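Next come the chains, spelled out residue by residue.
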Amino acid sequence: TLTSSLGYEKFRNDFYFANESLVSNSNLTARVFIDEDNSQTYDAGEEPLEGVRFAGSSRWNKEETDINGLVTLRGLPHLEMQKIELNDKSLQDPFLQPAKPPVYIYTHAGTHTYVDVPIAQTVEVEGSLQIESEGFIKPASGFSIYLTDLQGQRMAETTAEFDGIFLFEPMLPGDYCVALDESDIEKKKIQAPALGCFSLKGDEGVYFIDDITLSRL
């Protein structure tokens, strides 16, 4: 027999018909938007993202967010842990990334869950490493450079190229500190200056770290 149900969506403030019973399954509506103030919550006026899809169930492959950034994922099985994760390939701009890790929800039949999915503008971080020896300054290559959070946890790693230039893949907004690999410093008998911290807001496009000059002991 055919089963249909009438449900209500809070984000859309509207009723909808479903082809399956809402009593035996769970549904989820996600709102995807540009998190302009990096609050990880939706604020009035923030730009919704259209055409974004979610990974996971094959039932969701063709479901994508509408002009208001909303999509409803239907038919989630009862009493299962579901990972709600974006299909990154559906984000048209390579500088856009989810602002926080995937959401896990434990489903209950007959419920309708609402999830905000903030998207952040990322920033490329570049810098230059050089070394001073006998009065001359030249590029320093092969050194490992890290970005850490304010607690010292490593968030990203890269290596200085032959010309001393180093580049980090696009980083989420936040506070970061620059660090060098201590084993590199000791092994090559190098003295490093004090390295500072900086903040990314997400609108910089590219952030340039001040040149880092090493010296030989």
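Residues numbered from 1 in each chain as written. Predicted model: local features only at pLDDT ≥ 70, side-chain atom pairs only at ≥ 80, totals over all residues. Heavy atoms only, no water.

A. View of the pairing of strand β11 (residues 136–139). Sheet analysis places strand β10 (residues 123–133) next to β11, joined by four bridges and oriented antiparallel. The residue of β11 that forms the bridge with S133 is F136. Adjacent in sequence and paired antiparallel, β10 and β11 are bridged by two residues, among which E134 carries a positive phi angle near 55°. (Pairing = 2+ DSSP bridges. Helix = DSSP H or I, 4+ residues; strand = E, 2+ residues; numbered from the N terminus.)

B. Examining the sheet that holds strand β8 (residues 103–106) more closely. The antiparallel open sheet is built from three strands, whose spatial order is β4-β6-β8. Each edge of the sheet is formed by a strand with only one pairing partner; in this case those strands are β4 (54–55) and β8. Relative to β8, strand β6 (residues 81–86) is paired through four bridges, and the arrangement is antiparallel. Opposite K83, over in β8, you have Y104 as the bridge partner.

C. Region of interest: unusual backbone geometry. The backbone of Q40 shows a phi angle near 65°, a positive value even though the residue is not glycine. In this structure, Q40 sits in the loop between β3 (26–34) and β4. Unlike most non-glycine residues, E134 shows phi in positive territory, near 55°. Look at E134 and you get exposed, because its relative accessible area is 77%. (Buried < 20%, exposed > 50% of the residue type's maximum accessible area, 1.4 Å probe, protein only.)

D. Expanded view of the sheet that holds strand β5 (residues 70–76). Ordered by their spatial adjacency, four strands build an open sheet running β5-β3-β9-β7, and the pairing between neighbours is mixed. A strand with exactly one partner marks an edge of an open sheet, and here the two such strands are β5 and β7 (96–98). Each strand of the sheet is rotated relative to its neighbour by a mean of 30°, with strand direction disregarded. Summarising the sheet, β3 and strand β9 (residues 112–121) pair through eight bridges and their orientation is parallel. Looking across to β9, one finds that T29 is bridged to Y114. (Axes fitted to C-alpha atoms, helices over the stretch in contact; angles between N-to-C directions.)

E. Focus on the packing of aromatic side chains. Here the structure, examined in full by the defined rule, presents four aromatic pairs. Plain terms: the ring middles of F33 and Y42 are 5.2 Å apart, the flat faces sit at 80° to each other, and that makes the pair edge-to-face. Note on Y42: relative accessible area 31%, which makes it partly exposed. Look at F198 and Y207: their rings are 4.6 Å apart centre to centre, the planes differ by 15°, and that puts the pair in the stacked class. Exposure remark for F198: the relative accessible area of 8% places this residue in the buried category. When its relative accessible area of 24% is taken as the criterion, Y207 is described as partly exposed. One aromatic cluster is present, formed by Y176, F198 and Y207 through successive ring pairs. The ring of Y146 carries R154 above its face, with NZ or CZ at 3.6 Å from the centroid. One residue, K188, lies across the ring of F143, its end atom 4.1 Å from the ring centre. (Phe/Tyr/Trp six-rings, centres within 6.5 Å; stacked < 30°, edge-to-face > 60°. Lys NZ or Arg CZ within 6 Å of the ring centre and 35° of its normal.)

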